[in-house]
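# Secondary and tertiary structure notes
Residues per chain are reported as follows:
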Amino acid sequence: ESTLKRLEHMKHQREQELAKVEALEGKIADELTAIEEKTMVLEEEMVEYDDLVGLHGRSDLLVQNLTKQRDECTEKIGKTKPLIATLSANYERDNAKLEADDNWSSLQAMEEKQKEQAQTIVDLKNFIEEKGRECEYTSIKAECLQTARSMNEALIASLA
């Protein structure tokens, strides 16, 4: 009987080991598949990189296109600079005329006066609100004092 138990125990251990080996075989198979896929991708890339003449041709074409774009941008910048200079000069000239104009000075003075008046209006509104709250305080105070007097009189009357 002990031999049977020992053999069953060994059988159980071997089954566990077999399960582990099968699991490892699955992982190994997955790894091999991934390595094969990577190898195929690398082989395809190798074919592309083996064509050095084609690579040089594509890089030369890319360099030509980029050089062409750079030259076009440089040309556009060259055409834009005089236009910007002209527009800036016109702006400065017109701005100087505007500053020298009496109407402009008058408008600026009026605008400044309007800003000051708007600030004065805000200050006056705040002052009026504050005074309004103060006025309400005095009437409430009078009512409270009258109520306190009435209550004191009623208390004195009830105690007498």
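The written sequence of each chain sets the order in which its residues are numbered from 1. Two thresholds apply to this predicted model, a pLDDT of at least 70 for residue-level local features and 80 or more for giving and counting side-chain atom pairs, whereas whole-chain, interface and lining totals are computed over all residues. Hydrogens and water molecules were not included; the side-chain quantities draw on all heavy atoms of the structure.

The subject of this paragraph is the pattern of salt bridges. Throughout this description, the term salt bridge denotes a Lys or Arg side-chain nitrogen within 4 Å of a carboxyl oxygen of Asp or Glu. For the structure shown, the criterion picks out five salt bridges. Across the pair Glu75 and Lys79 runs a salt bridge, and its minimum N-O distance is 3.2 Å. Within this pair, Glu75 and its partner Lys79 are both found in helix 2 (residues 52–100), separated by four residues, close to a single helical turn. The classification of residues rests on relative accessible area computed with a 1.4 Å probe and restricted to protein chains. Under 20% of the type maximum is buried, over 50% is exposed, and intermediate values are partly exposed. You can call Glu75 partly exposed: its relative accessible area is 47%. The exposure class of Lys79 is exposed, given its relative accessible area of 59%. Each helix is a run of H or I in the DSSP string that is no shorter than four residues. Each strand is a run of E no shorter than two, and both are numbered from the N terminus.

For the pair helix 1 (residues 2–50) and helix 2, interaxial distance at closest approach is 5 Å and the crossing angle is 70°. Of the possible angle classes, the one that applies to helix 1 and helix 2 is roughly perpendicular. Touching Glu48, Tyr49 and Asp50 of helix 1 are Leu52, Leu55 and Arg58, all from helix 2. Residue type decides the class: Asp, Glu, Lys and Arg count as charged, Ala, Val, Leu, Ile, Met, Phe, Trp, Tyr, Cys and Pro as nonpolar, and the leftover types, Gly among them, as polar. Residue classes in the contact of helix 1 with helix 2 are distributed as three nonpolar, no polar and three charged. For helices, the fitted line uses only the C-alpha atoms of the stretch in contact; every axis is such a line through C-alpha atoms, and the angle between N-to-C directions lies from 0 to 180 degrees. What sets the label is the angle itself: under 35 degrees gives roughly parallel, over 145 gives roughly antiparallel, 65 to 115 gives roughly perpendicular, and the rest give oblique. A contact between two residues is defined here by any heavy atoms of the two lying within 4.5 Å.

What follows concerns a nonpolar patch on the surface. Among the surface-exposed residues, Leu24, Ile28 and Leu32 lie close enough to one another that they form a single nonpolar patch of about 290 Å² accessible area. Within the secondary structure, Leu24 sits in helix 1. In this structure Leu24 comes out as partly exposed when scored by relative accessible area, which is 48%. Nonpolar side chains (Val, Leu, Ile, Met, Phe, Trp, Tyr) within 5 Å and like charges within 9 Å form the patches, drawn only from residues with over 30% relative accessible area and no salt bridge. Per-residue accessibility takes into account occlusion by the displayed protein chains alone, with areas from the Shrake-Rupley method and a 1.4 Å probe.

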